[in-house]
Amino acid sequence: MHVVVTGALVENDAVLLVHRRPTKRAYPDVWDLPGGQVEAGESELQALAREMHEELGVHIVAESASRLGVLHAGSGDDALHVGVWQIGDWVGSPTNRAPDEHDDIAWVGISELGGLPLVHGVLAAMVRSLPEFEWARGHSDVTDGNQDGRGSKADCRACAGTDSSSRWWDQTPRP
């Protein structure tokens, strides 16, 4: 199983996304939240802090991070477990410090998320569930899940009714 963390940096009604290079083996040519693999001996929060610094050059304020949920995809050795975190505060201006992984980074408005090719379609619903985007919560109050053609599922109120590229994730309550 691969354990990965991603972080949602939100500012001025926009979330920071990274565009995966078209040459990447896994999930090429799509937008994603920044993040990466959790290394042996690291907690998800430690990996998140390391990845945000390596990829974007920012230092997250650990106390400001809260877990949005967990996304599951694949099975067996190819199983993917993605911890998705909201980062409320950070120091530094995000820049692309991993050009071998990402060919672009961009602040994307909440209304633009649905029109982008996202690595996990459910990410749009996860971001819309953030307190900063309270208005969007009322637009999706269905509780049943979705499944896409890759065998991944979405099962949460915020994710239900999203496009067919949704993924399974367990929503973890935020403090």
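Here, every reference points to the structure presented above.
What to know about the layout of surface pockets
Move 1: Space inside the largest pocket adds up to approximately 650 Å³.
Move 2: Around the largest pocket, the lining is made up of 24 residues, and of these Val4, Arg20, Ala26, Gln37 and Leu80 lie nearest the centre.
Move 3: Mapped onto the lining of the largest pocket, the elements with two or more residues apiece are strand 1 (2-11), strand 2 (14-20), strand 4 (35-37), helix 1 (44-56) and strand 7 (80-87).
Move 4: Residue classes in the lining of the largest pocket are distributed as nine nonpolar, seven polar and eight charged.

Some thoughts on the environment of alanine 8
Move 1: Its location among the elements puts alanine 8 in strand 1.
Move 2: For alanine 8, a relative accessible area of 0% gives the class buried.
Move 3: For alanine 8 and serine 66, which are 58 residues apart along the polypeptide, the C-alpha to C-alpha distance reads 9.9 Å.

Quick word on the pairing of strand 7
Across a regular strand the side chains alternate sides, sitting on one face of the sheet and then on the other.
Move 1: In terms of burial, strand 7 is largely enclosed, as eight of its eight residues are buried.
Move 2: Here eight bridges tie strand 1 to strand 7, and the two strands are oriented parallel to one another. Bridge assignment links valine 4 to a residue of strand 7, and that residue is valine 82.
Move 3: The pairing of strand 6 (residues 65-73) with strand 7 spans eight bridges and is antiparallel.

Quick look at the pairing of strand 1
Move 1: A large share of strand 1 lies buried, amounting to seven of its 10 residues.
Move 2: Summarising the sheet, strand 1 and strand 4 pair through three bridges and their orientation is antiparallel. Within strand 4, the residue paired with valine 4 across the bridge is glutamine 37.
Move 3: The pairing of strand 1 with strand 2 spans two bridges and is classified as antiparallel. Looking at the pairing, valine 10 lines up with valine 15 of strand 2.

Definitions and limits used
- Per chain, the residues get numbers from 1 upward, laid out in the order the sequence is written.
- The model is predicted, so local features are restricted to residues of pLDDT at least 70 and side-chain atom pairs to those at 80 or more, both for listing and for counting; the totals for chains, interfaces and linings are taken over all residues.
- Side-chain descriptors were evaluated using all non-hydrogen atoms of the structure, hydrogens and water having been removed beforehand.
- As defined here, a cavity is a set of points on a 1 Å grid over the protein atoms alone where a 1.4 Å probe fits but cannot get out. A pocket is an open set with protein on both sides within 12 Å along at least five of seven lines, and residues line them when an atom is within 4 Å of a point.
- Grid points are joined across faces, edges and corners, and a volume is the space filled by probe spheres set on the points.
- Put simply, DSSP H or I for four residues or longer makes a helix, DSSP E for two residues or longer makes a strand, and each gets a number counted from the N terminus.
- When residues are grouped by polarity, Ala, Val, Leu, Ile, Met, Phe, Trp, Tyr, Cys and Pro land in nonpolar, Asp, Glu, Lys and Arg in charged, and all others, Gly among them, in polar.
- Exposure classes here rest on a 1.4 Å probe applied to the protein chains alone. A residue is buried below 20% of its type maximum, exposed above 50%, and partly exposed in between.
- The pairing criterion for strands is at least two bridges between them, as found by DSSP.

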